[in-house]
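Structural characterization, general
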Amino acid sequence: MRAIVVSDQAAGTAGMRLEERPEPEAGGNDVLVEVHASGFTPGELTWPGTWTDRLGRDRTPSIPGHEVAGVVSALGYGTRGLSVGQRVFGLAEWTRDGTLAEYVAVEARNLAPLPGDVDFTVAASLPISGLTAWQGLFVHGRFDVGQSVLVHGAAGGVGSMVTQLAREAGAYVIGTGRAADRQSALDFGAREFVDLDSEALEDVGGVDLVFDVIGGDIGKRSAGLVRAGGMLVSIAGPPEVQPKEGLAVDFVVEADRTQLGEIVQRVRDGRLRTNIGQVADLDAAVAAFNPTERVKGKTIIRVRP
């Protein structure tokens, strides 16, 4: 099968190549997915699981990509809950070959049924961004109706999902980002926007929940904005500063079939929009991951027409 592979961690996306690789087999509790579309997060080339297996052994050349939308083509021994020919989408494991390929083996529990009226390209953009937003808000952030939420990177892949889900759930959303992102953040549901390059973050005042995708100095300053009893939720690593009278948590997104179902239903009925910046074929994937200009939104690889 054709697949994008990486072997040199120092090279980053420039080290990606399109090669022929053996087709994977579906192990116990796995399904083999015929990939139609795949999502990729550039940061994953810095994750240990891209380069080593669960025991820390080198596993290069490896296939990156962890978001998948496609059709089940085979079932491993003992696999239940899915069937051959079924449309699915979900999240592949961090320490196994991923989804930038014509086929991928995935644990069945990490996949959810994909309704026939949702395009594969749209579905492939949902697992990491959607699940991260859902878990950060409702699982780790303990969001409650009527709270105020500060969303960093509100026009980005994760931030736009957080903004929409929080607004729908009854939050007053304040988005942040670059000046050029202001209108996009407002369109996604933010009531206010802070340009981090030219406006004072501290002018926001107190908020009930901060969703931090940036970390560093912004993360430190954000801790001071959390009200008593509030939360600072980070996906940029452990918070360096704790809120004085609140809590802070960082987390790594996990696959969840039920949550995926909630997310895709919101896409179907128009309550949630994806944030896709460009779509490229597998043949053009290497170039797509090394753009000459900034691409707003997520890059999706269409593996099959």
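Presented here is an overview of the structure given in this document. (Residues numbered from 1 in each chain as written. Predicted model: local features only at pLDDT ≥ 70, side-chain atom pairs only at ≥ 80, totals over all residues. Heavy atoms only, no water.)

Focus on the packing of helix α3 (residues 127–140) against helix α4 (residues 157–168)
- Direction vectors running N to C along α3 and α4 enclose 50°, while the axes themselves pass 8 Å from each other. When the axis of α3 is compared with that of α4, the two are oblique. The two elements α3 and α4 meet at a crossing, and its hand is right-handed. Along the contact surface, α3 presents S129, G130, T132, A133, W134, L137 and F138, while α4 presents G157, V158, M161, V162, L165 and A166.
- Taken together, the residues of the contact of α3 with α4 sort by class into nine nonpolar, four polar and no charged. (Axes fitted to C-alpha atoms, helices over the stretch in contact; angles between N-to-C directions. Helix = DSSP H or I, 4+ residues; strand = E, 2+ residues; numbered from the N terminus. Parallel < 35°, antiparallel > 145°, perpendicular 65-115°, else oblique. Left-handed = near helix turned anticlockwise from the far one by under 90°. Contact = heavy atoms within 4.5 Å. Nonpolar A, V, L, I, M, F, W, Y, C, P; charged D, E, K, R; others polar.)

Focus on empty space enclosed by the protein
- One pass over the full model with this rule turns up one cavity of 30 Å³ or more.
- The computed volume of the largest cavity comes to approximately 30 Å³.
- Lining the largest cavity, in full, are S125, S129, G157, S160, M161, T274, N275 and K298.
- Counting residues per element, the lining of the largest cavity draws most heavily on α4, at three residues.
- Here the lining of the largest cavity is built from residues that sort into one nonpolar, six polar and one charged. (1 Å grid on protein atoms, 1.4 Å probe; cavity = no way out; pocket = protein on both sides within 12 Å on 5 of 7 lines; lining within 4 Å. Points joined across faces, edges and corners; volume = space filled by probe spheres on them.)

Regarding the sheet that holds strand β10 (residues 192–195)
- Strand order in this open sheet of six strands is β10-β9-β8-β11-β12-β13, and the pairing throughout is parallel. Unpaired on one side and paired on the other, β10 and β13 (247–250) mark the two borders of the sheet. Strand-to-strand twist across the sheet, computed as the mean angle between neighbouring axes with direction ignored, equals 15°.
- In the packing of α3 onto the sheet, contacts are made with β8 (148–151), β11 (207–212), β12 (226–234) and β13, and the angle to β11 comes to roughly 150°.
- Sitting on the sheet, α4 touches β8, β9 (172–177) and β11, and the angle it makes with β8 is about 170°. (Pairing = 2+ DSSP bridges.)

Here we look at helix α7 (residues 257–268)
- Between the first and last C-alpha of α7 there are 16 Å, a value that for 12 residues agrees with the 16 Å anticipated at 1.5 Å per step.
- Within the span of α7, buried status applies to Q259, L260, I263, V264, R266 and V267. One face of α7 carries all of its buried residues, which in axial projection span an arc of 155°.
- At its buried positions, α7 is contacted by β5 (87–91), β7 (111–113), α2 (120–124), α3 and α4.
- N-capping of α7 is provided by D256, with a side-chain oxygen placed 3.1 Å from the backbone N of T258.
- One or two positions beyond α7, positive phi appears at G270, with a value near 85°. (Expected span 1.5 Å × (residues − 1). Buried < 20%, exposed > 50% of the residue type's maximum accessible area, 1.4 Å probe, protein only. Arc of directions from axis to C-beta. Polar contact = N/O pair within 3.5 Å; in protein donor to acceptor, adjacent residues only side chain to side chain.)

Here's the deal with the pairing of strand β4 (residues 67–75)
- Two strands pair when backbone bridges link them, and strand β3 (residues 30–39) and β4 are joined in this way by eight bridges, in the antiparallel orientation. Among the inter-strand pairings, V33 is bridged to a residue of β4, identified as V72.
- Of the pairings in the sheet, the one linking β4 to β5 comprises five bridges and is antiparallel in character. Considered in β5, the bridge of V71 is made with R87.

Structural notes on the pairing of β12
- Bridging between β11 and β12 involves five bridges; their strand directions are parallel. Along β12, the bridge assignment pairs V207 with V226.
- Handedness of the β-α-β unit built from β11, helix α6 (residues 216–223) and β12 comes out right-handed.
- As paired strands, β12 and β13 are joined by four bridges and run parallel to one another. Looking at β13, one finds that L232 is bridged to A248. (Right-handed = clockwise from strand over helix to strand, strands pointing away.)

What about the pattern of salt bridges?
- Under the definition given, this model contains 21 salt bridges.
- Here E67 and K298 are joined by a salt bridge, their closest N and O atoms 2.8 Å apart. Remark: K298 occurs in strand β15 (residues 298–302) and E67 occurs in strand β4; sequence separation between them is 231 residues. The pair formed by E67 and K298 is uniform in burial state, with each residue classed as buried.
- Among the ionic pairs, R182 bridges to E199, the shortest N-O distance being 3.1 Å. One end of the pair, R182, is in helix α5 (residues 182–188); the other, E199, is in the loop between β10 and β11, with 17 residues separating them in the sequence.
- Since its relative accessible area comes to 30%, R182 is described here as partly exposed.
- Look at the salt bridges and you will find they share partners, linking E168, E262, R266, D269 and R271 into a network. (Salt bridge = Lys/Arg side-chain N within 4 Å of Asp/Glu carboxyl O.)

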